[in-house]
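# Structural overview
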Amino acid sequence: MKKVIKIEVDCAVCAQKCEEAIKKIEGVESCSINFMTQKMIIQAKDDQFSEILKQAHKAARKIEPDFEMEY
């Protein structure tokens with residue numbers, strides 16, 4: 001499943017670090033964060049998608065405490 005998610009992240013460097021952290025989560029096939037549009041495109045296994053989104057949010061908040069996602 002591939003989904004575009006609206007996010008809030010404070011800086012481009014943090015966005016890139018969050019993207020790299022999310023890519024390392026098991027089940028994530030691809031992840032791309034665009035700081036300018038404040039959107040993340042994530043592709044992951046269908047049967048685990050909601051759990052992967054929770055893990056992605058947790059991983060990103062470790063890097064950027066103000067990171068928010070609408071999922």
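Residues numbered from 1 in each chain as written. Predicted model: local features only at pLDDT ≥ 70, side-chain atom pairs only at ≥ 80, totals over all residues. Heavy atoms only, no water.

## A few points about the overall build of the chain
The line we're drawing: Secondary structure elements follow DSSP: runs of H or I no shorter than four residues count as helices, runs of E no shorter than two count as strands, and numbering proceeds from the N terminus. For a compact globule the rule gives 2.2 Å times the number of residues to the power 0.38, and the radius of gyration it is set against comes from C-alpha atoms. For every residue, the accessible area (1.4 Å probe, protein chains only) is compared with the maximum for its type, and the residue is labelled buried under 20%, exposed over 50%, or partly exposed between those bounds.
What the chain contains, in helices and strands, is two helices and four strands. The C-alpha atoms of the chain give a radius of gyration of 11 Å, which matches the 11 Å a tight globule of 71 residues would have. Reported as C-alpha extents along the three principal axes, the dimensions of the chain are approximately 30 × 20 × 15 Å. Counting the 71 residues in the chain, one finds 38% classified as buried.

## Overview of the pairing of strand β3 (residues 39-44)
Where a strand is regular, its side chains alternate between the two sheet faces. The cut-off we apply is this: Here, a strand pair is defined by DSSP locating no fewer than two bridges between the strands.
The alternating pattern of β3 places M40, I42 and A44 on a buried face, while none of K39, I41 and Q43, on the opposite face, is buried. Across five bridges, the pairing between strand β1 (residues 2-8) and β3 is antiparallel. Following the sheet pairing, I5 is matched in β3 by M40. As paired elements, strand β2 (residues 28-34) and β3 share six bridges and run antiparallel to each other. In the sheet register, V28 faces β3, and the bridge partner there is A44. What sits between β2 and β3 in their antiparallel hairpin is a turn of four residues, with Q38 showing a positive phi close to 55°.

## Considering the pattern of salt bridges
Short version of the rule: Any carboxyl oxygen of Asp or Glu that lies within 4 Å of a side-chain nitrogen of Lys or Arg is treated as forming a salt bridge with it.
Enumeration according to the criterion identifies three salt bridges in this entry. Among the ionic pairs, E19 bridges to K23, the shortest N-O distance being 3.2 Å. Of this pair, E19 and K23 both sit in helix α1 (residues 12-23), four residues apart, roughly one helical turn. Given the relative accessible area of 37%, K23 is considered partly exposed. In this structure, E20 engages K23 in a salt bridge whose closest nitrogen and oxygen atoms are separated by 4.0 Å. Here E20 pairs with K23, and both are found in helix α1, just three residues apart, close to one helical turn. A relative accessible area of 36% means that E20 is categorised as partly exposed. Through salt bridges that share partners, E19, E20 and K23 make up one connected network.

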